Each structure stands twice: as C-alpha cells, then as structure tokens.
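# Structure at a glance
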Amino acid sequence: MPTVYIPTLLQNLTGGRSSVEVEGETVRRVIDNLERACPGLRERLLDQDRLRPNISVAVDGEVTPMGLLEPVGPASEVHFIAAIKGGVASR
Amino acid sequence: MKTQEYTVVGTRPIRHDGADKVTGRAQYGADFQMAGLLHGHILRSPHAHAQIRSIDTSKAAKLPGVKAIITADDFPQGPDRMVDLGEGDTPLSYARGNVLAKGKALYRGHAVAGIAAISAHVAEEAAGLIEVDYEVLPCVLTAPEAMREDAPVLHADLKTKEFGEQTGRTSNIAEHFRHEMGNIETGFAEADVIVEREFHTATVHQGYIEPHNTTALWNNDGRILIWCSTQGSFVVRDVTACILDVPVSQVKVTPMEIGGGFGGKIPVYLEPVAAMLSRKTGKPVKIVMSRKDVFEGTGPTPGSYIKVKIGSRKDGRITAAQAYLAYEAGAYPGAMVGPGGMCVFAAYDIANVVIDGFDVVVNKPSTAAYRAPGATNAAFATETVVDEIAEKLGIDPLEFRLKNAAKEGTRRADGPKYRRIGCVEVIEAMKNHPHYSAPLGGPNRGRGVAVGFWFNIGLPSSCTISVNADGTVNLVEGSTDIGGTRTSIAMQAAEVLGISAADVHPTVVDTDSVGFTAVTGGSRTTFATGWAAYEAAQDIVRQMKERAAKLWETEAASVELERGLFRSGDKAMSFADLAAKLESTGGPVVGRGAVNPRGVGGSFSGNIVDVEVDPETGKVTILRFTAVQDAGKAIHPSYVEGQMQGGSVQGIGWALNEEYYMNRDGAMTNSSLLDYRMPTALDLPMIDTVIVEVANPGHPFGVRGVGEANIIPPPGAIANAIYRAAGVRMNRLPMNPPAIMQAIWNQRD
C-alpha cells in the first residue's frame, strides 16, 4: 500500500501521524482515499480538481509533472511539498 | 558512463552560434528593426509605496511625436486566476499589476504608464509630462520589518497561507511552510556541540549585461507578434495572452539572442505594454530598458534573514538541525524560500530536522529566479555554522562534511529520498585536489570550503529533426540558447545519429514553429531539451533503418546503426549515403521528440577558496578558487566549465560586494553598474574547475544539469576563508570592506 507522508502543517488532520498508508493507483485516487481516512485533507491539497498552486506532489522521490494523474505503485512514497515559486514549478 | 563510450558526447566541438556571436552578426532584441517602428518608454514610480490617486496623461499626449499612452486601466480586467510564470504559478492580478501598477505603486521603479512615440527621446520626454497624483505611504524593506504586526501592509487582501489553509490573518507574510523530520528536541539533546547563528543577506541582481527589450506588433489580422530577449518564449506567449485576455494561439513570440538571464529573464515586464501600445497605434513598438530600469523595475533575488542551529556529537555526527528562513518576495508573493527550504540542509544526512520558511512581501521589486534561487542564501548560513562546529570539534572541515554527507537513500527534510547522487564524490574530489593541501604562502590569508545542492528540474521540451540529402540534419528547438545549449542539445542528437556535431544545424525558433518548450532555467535545458533531441534522433534512426531495409530488401529489424554506418548482414551504408537516397525510398525523413521527463538528477557543487584580508581596509582578495561540481555527464565539458566559472564569479560578487543599497525611502541608490559592484576579470584569479561525473540514471546520457549549483557555495566558502584569514565569523552579505572592518572592530571591543 502506498505511504503518504503528511506535512507538519497538515498533521492536525491526521491525529498527529506523519505518514498514512492508503490505497490508490494514481495520486488522485490516493487523495480520494486519504480524504476518507482523514477528512479535510483534500480541501487543503486541492483547489477544485487540481493541486493548489503552491503545492507539488512527489512520487518516489521526484516531483511529478503529471500531478494528480501520476501513477502510484503499491510500495510508493508520496510527498506533498510546499512549492513556493522559484525553481520548482507547481505542476 | 565514461566519456570514451561516446564519439560526440564529452568532446568539445566549436559552438554553432560562435561565428555570429564573435563577429557581431548575432541579432539581439535591441537590434530589431521594422518599417514604421515606434519607440516606447515606461514611466516608473518614484515612490516605494504610494496610493495612485490619479494619472493625467493629457499634457504628454499633446507632445509632438507622441502616438499613444497606456496605463493599467487599458488592460482587460477579467476575473483573477492562476497563471504559470515559467517557474511557478501566480495570480493573474499580480502578474498584471507588476507590468503596470493599478491603484498602488509597491516599489520605486514600479511601472505606471507606457508611452509610444516616434523616438525613444520623445517617449521619455512625454513620460516627464504625465502627472501622477501619489499619496505616499510608509514603506517596509526587509523581511523582519515587514513581519512585524505594526508594519505597513502592502496588499490589503493578502492573508497568510499555511499549506493550503487561509489563516485569515492579513499581513505581509504570504506563506509559511514547515518541513519536519525526526524529533528535534531529542536530536539537540544528543549533541555535544550546538552552534546557532543569525544571518542577513542583501538583495542582489542577476546582472545580465543585456537589458530587457521587446518589440511587439498587434497585426491587422489580430495576431500579436513579439520579438524579445527571454529565457522562455512560451512563457512570454502565455503570460502576454493572459494579461491581454486573448487566446495563446493569437500570440507568436520569436526569441532573439539573449545577453544573459540567470533566471531574471523568465518574468514578463514589457511585452503586454508594447503590444497594447501597438494596438493603439497600428505600428510595431519597441521598448528597451535602461540599466536603471533593469535594477529598479525587474526582479532581483531576495534578501533574507536566516537563523540556523546545528548540533553534533563529539565524533562529528550531526544529530539535529533547525532553520528559520524569512525571504523578501519583493512587491508580490513568490520569494524563493521554497527552494531555500529544500536546499538548506540538502548536503547532509540528518535524522532530526525542522525548517520553517516565510514568504514575505516588501517594497522592493518583485523578485525573480537567480541561479539556484533561494539556495545560496541558505547555504551561506548552513556552511558557516557547519564550519564553526567542525572547528569546535577539531575535525577537518571536509572530513566533517564527509561524515555527514547525503547519499543514495538519504531522506531530505522536505520529504523525498535521494536516488544516486554525487555529494560524497564532490567532497572527496575537493579533499584530493592539490589546492586543499597547498601552502597559503603569506600572512592574513585563509582557506575556506563549502558545498551546495540544487535539485534541478525537468518540464516539457520539444524538438524536430529533418534529414538533408548531404547527410547533415536540421534540428529545430524551442529553448533559447544560454551558455551554449544549441551545441549541447545538437551533440546528443549527433551521438544517436552517429554524425558529427557540426553536421547538426540547430535553430531556436518561434512559438509557432515548435512544440511547447518550458523555460531555459532550472538547469533543465541540456537535460530535457537534450532528451527531446535524443528522442527525435531515435525517431530518425528508426525511419532511416526502414529506408535501408527497403534498399536492401530486408527487414528493418535486421538493420543496425553503429557510428554513422547502417549495416545489415554484409551490406553497409553511411548515414550520408543513405540520406542521399531518401527521395527515392519514400521521401523526406523528419523525426520528432516531445518529453516531459522524470529522472531529474540533482547536482552538488563545492568550492575551495583562498583569500587575503587587508587588516587595515577589510578588502578581500581572492587568491585561488577551485570549483568542483557533479555534472552527471558533461556533454560539452567546456560549457560545463563555463557554467561553473560563471556561477562561481556571480557567487563571489554576491559574497563580497553586490547589494541593493536602499535609502530609508526605499530608493536604490546604486542603480548603475558603476555603483553596483560586480566582479570583473581584474578582481579574480582563474577559476579552476573539476568536473565530477556521477551519471544520472534517469537520463539517456546521464546528464544532471549544471547551470545552478555552482553559485551556491562561494559565499559560505569565502566567509570561512575570511574567518581563517582575519579571525572574524561573518554573518552578513555582502562581506564588503566596511562589514569586515566592523566585525574586526567588534571583536577587538
């Protein structure tokens, strides 16, 4: 099951847990399942149906250009990163 | 991956644009001419913070020769939305507001109106006749000042965000983020030595020699044609289209040659203004900035306030590290504090880390990227503290870094684990370099070291390649050439095709003539556009094999290409001979490559620097400087060395002299190259370079990207060298003579 690392500023929504294991074959599905496990997370990560402008997602160590469509494997690590302008585009 | 595995990659062919550049025939934006050309000028705010009550253009409009004047009210005022500025998204209202101020001027130099006239002189004279009624407001110029609760507020609608949450607090803090790993209290409790220091770094400019320029024609057919100096023609297209509220297909951008950018020519400043003036006049309008405009009206890199605390055991193992980064975004949110947070401890494997970052608006020009944006500020702090800890523990500074060096599998505090990286190899190369053990040879001299990391980026790139009947190929690409990228991209295609680099003719084309290509920035061009060229060349090889198979009446699968020779069984034909037969075997062969690659590999760099400090004046002389960097694979080693030398020199300038010298009213008082002191060849020794090649497994040739990491270590390395020469630990950039003398006097007191 993929492991989602929860940024410190969102851990109030996960009961203090820094990582959560949830199913999902894409980042979008992972967020859907994350929302079921920890209500409120989706709103913090997404603006309607896209990642918020200053948030990037990294799968297995690399910020993905595919965003929500990026495939996620059973052993993948998923990180949501504050991507304030400069050098790393929030795609 | 070793150089000898390749015939083209790793060699040093003459650059394709070299003849035009050295003979002065290369066409830059300011050279551009058209029939009926008008000249534009930008009126800029004389105040750092002011309400704009009214703008009266009537007198200026009556000046003979003036053809049109526009203000922010001339732009379409559609609903706000996010737009991609090339290295990150921003609200359209901010992008539009920075091009022409609406309601409020947020920094001295903020564009207020645009004028088109028959000459640049008439346009400038007209600007002086525009009457702007300002209500001057108190300004705020540094992050710590702007973060105070009683600070003047720049944007009444700006609320602090914390990872997607609007806190509802109106302030100059646009965003706060935190990266956290392990347990920071436990980590510091395990430490035998803890060092905590505060740092201030000044606002500095990229200092490209060519000022911003543009020519725009709003054509009769509705299309907007732009010729400009930019790092991203598609960014200019997309942002201009957003601001003018037209479809992107209505804008065509032709990138001219570029006289430097370093990140500062990603933002759009002039194009929407020139286009709107062209629409009003029916003529093409050219605008060229002065150096003062460049300093006061375009994005420098952020000044910053940083606190770093690091703890280590006696055995030299770092147990905990904490950073507080407050970066000045300038007038609009978007400081480079995000990358600063990613890079601040990136060279080290540390179990317990907390990093807080703050994006703070101030009354200075809206900041832009500058070579590894945000990382140099952060590394200056980290590398100084690391050096002090190593000294306290009596451990050699490179040995201390090696003990703690990040490696494959190390998790960075912002989350991801490293894949194959070259941090250890870079530090070992520094340790083994003769410079590190050479005698200093005199009094008041010291040697310092530092390392830095930049993650590099991917993003989309496109190329096409067509085969000529003489066996050469034409390569069409969308990456503006900075630092010889035409050649480094062409070489990757040549390697695949088995032909020489000289037989690849690369052309950088307009936005109508190639698929979307992201900015030349983020150290991505040789990596990503090179990959697109690799894919296009592979497409050519596939088609050429089919042609050979047709000639030889065999299966394409049986045809091999090796070093420019197609073979199948006992038959063989050179690439050039087969190219001559394309017409008779089916017609032209055109290959395409379009990528949005993963596999980006970060680059580590390191410096060894010797300085001499004059104890009477505080002047620092760089005696010797060695730059080491992991290139992954150096496609063209000369251009890699050029990047390393260029980044090092910019880092030296940042370290020793460069700064926006601001008065209390928020005016930059040194906005000329006479007073903004960049290093020249007379200030510097030859920069020695050592290319380390730890291949990036994510790229066909192992490329990592080398444009940025080299600027990161110089300030830290020079600060550490100054300490050993003069006995003072510097915590402020620039470390100019007054700052060093003050530090020496403070220590005496």
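Residues numbered from 1 in each chain as written. Chains lettered and ligands numbered in written order. Predicted model: local features only at pLDDT ≥ 70, side-chain atom pairs only at ≥ 80, totals over all residues.

Attention now goes to the overall build of chain A. When you go through chain A residue by residue, the secondary structure sums to two helices and seven strands. When its helices and strands are written in sequence order, chain A yields β-β-α-α-β-β-β-β-β. The C-alpha atoms of chain A give a radius of gyration of 12 Å, which matches the 12 Å a tight globule of 91 residues would have. Projected onto its principal axes, the C-alpha positions of chain A cover 30 × 25 × 20 Å. Burial status across chain A gives 49% buried among its 91 residues. Residue pairs at least 24 apart in sequence account for 47% of intrachain contacts in chain A once pairs closer than 6 positions are excluded. (Helix = DSSP H or I, 4+ residues; strand = E, 2+ residues; numbered from the N terminus. Rg over C-alpha atoms; globule rule 2.2 N^0.38 Å. Buried ≥ 20, exposed ≤ 12 C-beta atoms within 10 Å, placed from the backbone. Contact = placed C-beta atoms within 7 Å.)

Taken residue by residue, the interface counts 36 residues in chain B and 27 residues in chain A. At the level of elements, β5 (89-91), β11 (173-181) and α10 (337-343) of chain B are the ones that each hand at least two residues to the side of chain B that touches chain A. Considered class by class, the residues forming the side of chain B that touches chain A number 14 nonpolar, 10 polar and 12 charged. (Nonpolar A, V, L, I, M, F, W, Y, C, P; charged D, E, K, R; others polar.)

Residue and element names in this part refer to chain B. Domain boundaries in chain B define domain 1 (3-26 + 458-595), domain 2 (32-137 + 210-259 + 265-297) and domain 3 (304-456 + 601-748). Listed as interface residues are 19 residues of domain 2 and, on the opposing side, 18 residues of domain 3. Of all the secondary structure elements, the ones that give two or more residues to the side of domain 2 that touches domain 3 are α3 (92-99) and α9 (291-297). The residue makeup of the side of domain 2 that touches domain 3, split by class, is seven nonpolar, seven polar and five charged. (Domains from an automatic or database assignment.)

This part is about the sheet that holds strand β8 (residues 131-136) of chain B. Residue and element names in this part refer to chain B. Taken in spatial order, the three strands line up as β6-β2-β8 in an open sheet, and their pairing is antiparallel. Where the open sheet ends on each side, the last strands, each with one partner, are β6 (104-105) and β8. Where strand β2 (residues 50-56) meets β6, two bridges bridge the pair, whose relative direction is antiparallel. The partner of Q51 across the bridge, within β6, is K104. (Pairing = 2+ DSSP bridges.)

Okay, the environment of V235 of chain B next. Residue and element names in this part refer to chain B. Position of V235 relative to the elements: it lies in helix α7 (residues 233-244). Residue classification places V235 among the buried positions, given that 25 C-beta atoms sit within 10 Å. Residues V235 and F516, 281 residues apart in the sequence, show an inter-C-alpha distance of 9.7 Å.

Right, let's talk about the nonpolar core for a bit. Judged by nonpolar contacts, the single largest core of 234 residues is most densely connected at I115, V360, A493, I718 and I722 of chain B. With 12 residues, the single largest contributor to this core is helix α16 (residues 525-552) of chain B. With near-sequence residues (within four places) excluded, I115 of chain B lies in contact with G40, H41, L43, A60, V66, I69, A123, A126 and A127 of chain B. Core analysis: the next-biggest nonpolar cluster, separate from the first, contains 26 residues, L34, L51 and V57 of chain A together with F177 of chain B among them. (Core = buried A, V, L, I, M, F, W, Y, C linked by C-beta atoms within 7 Å.)

We now examine the confidence of the model for chain A. Caution applies to low-pLDDT parts of the model: their predicted coordinates are not meant to be read in detail. In this model, chain A carries an average pLDDT of 86, and 90% of its residues clear a pLDDT of 70 or more. When pLDDT is averaged over each helix and strand of chain A, the minimum, 84, is found for strand β6 (residues 62-63) of chain A and the maximum, 95, for helix α1 (residues 27-37) of chain A. (pLDDT = per-residue confidence, 0-100.)

Moving on: helix α4 (residues 120-129) of chain B. Residues and elements named next belong to chain B. Within α4 the residues assigned to the buried category are V122, A123, A126 and A127. Angularly, the buried residues of α4 cover 145° about the axis, an arc narrow enough to put them on a single face. Exposed residues on α4 whose side chains face more than 90 degrees from its buried face are H121 and G128. Of the surrounding elements, those touching the buried residues of α4 are β1 (38-44), α2 (58-62), β3 (66-71) and β7 (111-117). (Arc of directions from axis to C-beta.)

With that out of the way, let us pick up unusual backbone geometry. Residues and elements named next belong to chain B. In this chain, L733 is followed by P734 through a cis amide linkage whose omega measures 5°. Checked against the element boundaries, P734 lands in the loop between β31 (732-733) and α20 (737-748). Here R371, not a glycine, exhibits a phi torsion of approximately 25°, which is positive. For R563, which is not a glycine, the phi torsion comes out positive at approximately 50°. Of note, R563 is situated in the loop between β24 (560-562) and β25 (565-568).

Residues and elements named next belong to chain B. Here we have seven strands laid out as an open sheet, ordered β3-β7-β1-β16-β13-β14-β15, and mixed in their pairing. Where the open sheet ends on each side, the last strands, each with one partner, are β3 and β15 (251-255). With direction set aside, neighbouring strand axes in the sheet form an average angle of 20°. Summarising the sheet, strand β14 (residues 224-228) and β15 pair through five bridges and their orientation is parallel. Along β15, the bridge assignment pairs I224 with V251. Packed on one face of the sheet, helix α8 (residues 271-281) meets β1, β3, β7, β13 (213-218), β14 and β16 (285-288) and runs near 35° to β13. (Axes fitted to C-alpha atoms, helices over the stretch in contact; angles between N-to-C directions.)

Moving on, we get to the environment of M256 of chain B. Mapping M256 of chain B onto the fold places it in the loop between β15 and α8. Setting aside residues up to four positions removed in sequence, M256 of chain B forms contacts with Q27, Y28, G29, F32, W227, C228 and S229 of chain B.

With that settled, consider the pairing of β1 of chain B. All names here are of chain B. Most of β1 is tucked away, with six of its seven residues classed as buried. The pairing of β1 with β16 spans two bridges and is classified as parallel. Paired with L38 across the two strands is V285, which belongs to β16. Two strands pair when backbone bridges link them, and β1 and β7 are joined in this way by six bridges, in the antiparallel orientation. Residue pairing in the sheet places L43 in a bridge with A113 of β7.

Residues and elements named next belong to chain B. Relative to each other, α7 and α8 sit at 55°, their axes nearing to 9 Å. It follows from the interaxial angle that α7 and α8 lie oblique. For the element pair α7 and α8, the recorded crossing hand is right-handed. Here V236, T240, I243 and L244 of α7 lie close against α8, whose contacting residues are E271, P272, A275 and M276. (Parallel < 35°, antiparallel > 145°, perpendicular 65-115°, else oblique. Left-handed = near helix turned anticlockwise from the far one by under 90°.)

The next thing to look at is the environment of N731 of chain B. Residue and element names in this part refer to chain B. If you trace the backbone, N731 turns up in the loop between α19 (714-726) and β31. Take N731: there are 19 C-beta atoms within 10 Å of it, and that puts it in the partly exposed class. Considering only alpha carbons, one finds N731 and P64, 667 residues apart in sequence, at a separation of 55 Å. Setting aside its immediate chain neighbours within four residues, N731 contacts R197, E198 and F199.

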